Amino acid sequence: MIKVSEIAKKKVIELMSDDGFNPTTDYVRVGVKSGGCSGLSYDLKFDNQQQEGDKVFEDNGIRIIVDKKSFLYLVGTTLEYSGGLNGTGFVFNNPNANRTCGCGESFSL
């Protein structure tokens with residue numbers, strides 16, 4: 001399960017609408033890929049189609065898709081949004097990460 005904070009929900013709805021996606025029927029696709037200074041990096045984009053093997057969740061009114069491989073790395077993660085002085089953007093609060101980089105965009109297990 002992936003959780004979505006209230007602030008992240010508002011930003012997702014805003015950005016999906018700006019990009020021509022419907023927040024009530026389309027998805028936030030969250031994944032993990034190789035790369036980044038800690039070995040793995042997060043991937044977030046909007047999508048309107050499910051793929052075979054995708055896991056689908058809904059939290060706080062946001063529909064989330066995670067591919068089967070990424071799901072193992074993301075169980076229990078909360079998607080948050082930061083607008084502070086250290087940078088603006090989505091933040092993954094991942095309890096599975098042993099180490100994260102300074103920018104918070106990559107991690108290792």
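Everything numeric here is computed off the predicted structure, so don't read it as measured data.

Student: Explanation requested: the nonpolar core in the structure shown.
Tutor: The biggest cluster of nonpolar side chains holds 20 residues, and the ones touching the most others in it are Val12, Val28, Val30, Ile62, Ile64, Val66 and Leu74. Sorting the residues of this core by element identifies helix 1 (6-18), strand 2 (27-34), strand 3 (40-47), strand 5 (62-66), helix 2 (68-74) and strand 6 (78-84) as the ones contributing at least two each. When sequence neighbours within four positions are dropped, the list of residues in contact with Val30 reads Asp43, Leu44, Ile64, Ile65, Val66, Asp67, Leu74 and Phe92.

Student: I keep staring at the pairing of strand 5 and nothing clicks. Help me out?
Tutor: Side-chain direction in a regular strand flips from residue to residue, so the side chains alternate between the two faces of the sheet. The buried count for strand 5 comes to 4 of 5 residues, which makes it a mostly enclosed element. The sheet contact formed by strand 2 and strand 5 spans 3 bridges and is parallel. Directly across from Arg29, in strand 5, lies its bridge partner Ile65. Bridging between strand 4 (residues 55-59) and strand 5 involves 5 bridges; their strand directions are antiparallel. Bridge assignment links Lys55 to a residue of strand 5, and that residue is Val66. Where strand 4 hands over to strand 5, the hairpin turn is made up of 2 residues, of which Asn60 adopts a positive phi near 55 degrees.

What counts, and where the lines are drawn
Residues numbered from 1 in each chain as written. Predicted model: local features only at pLDDT ≥ 70, side-chain atom pairs only at ≥ 80, totals over all residues. Heavy atoms only, no water. Core = buried A, V, L, I, M, F, W, Y, C linked by side-chain atoms within 4.5 Å. Buried < 20%, exposed > 50% of the residue type's maximum accessible area, 1.4 Å probe, protein only. Helix = DSSP H or I, 4+ residues; strand = E, 2+ residues; numbered from the N terminus. Contact = heavy atoms within 4.5 Å. Pairing = 2+ DSSP bridges.

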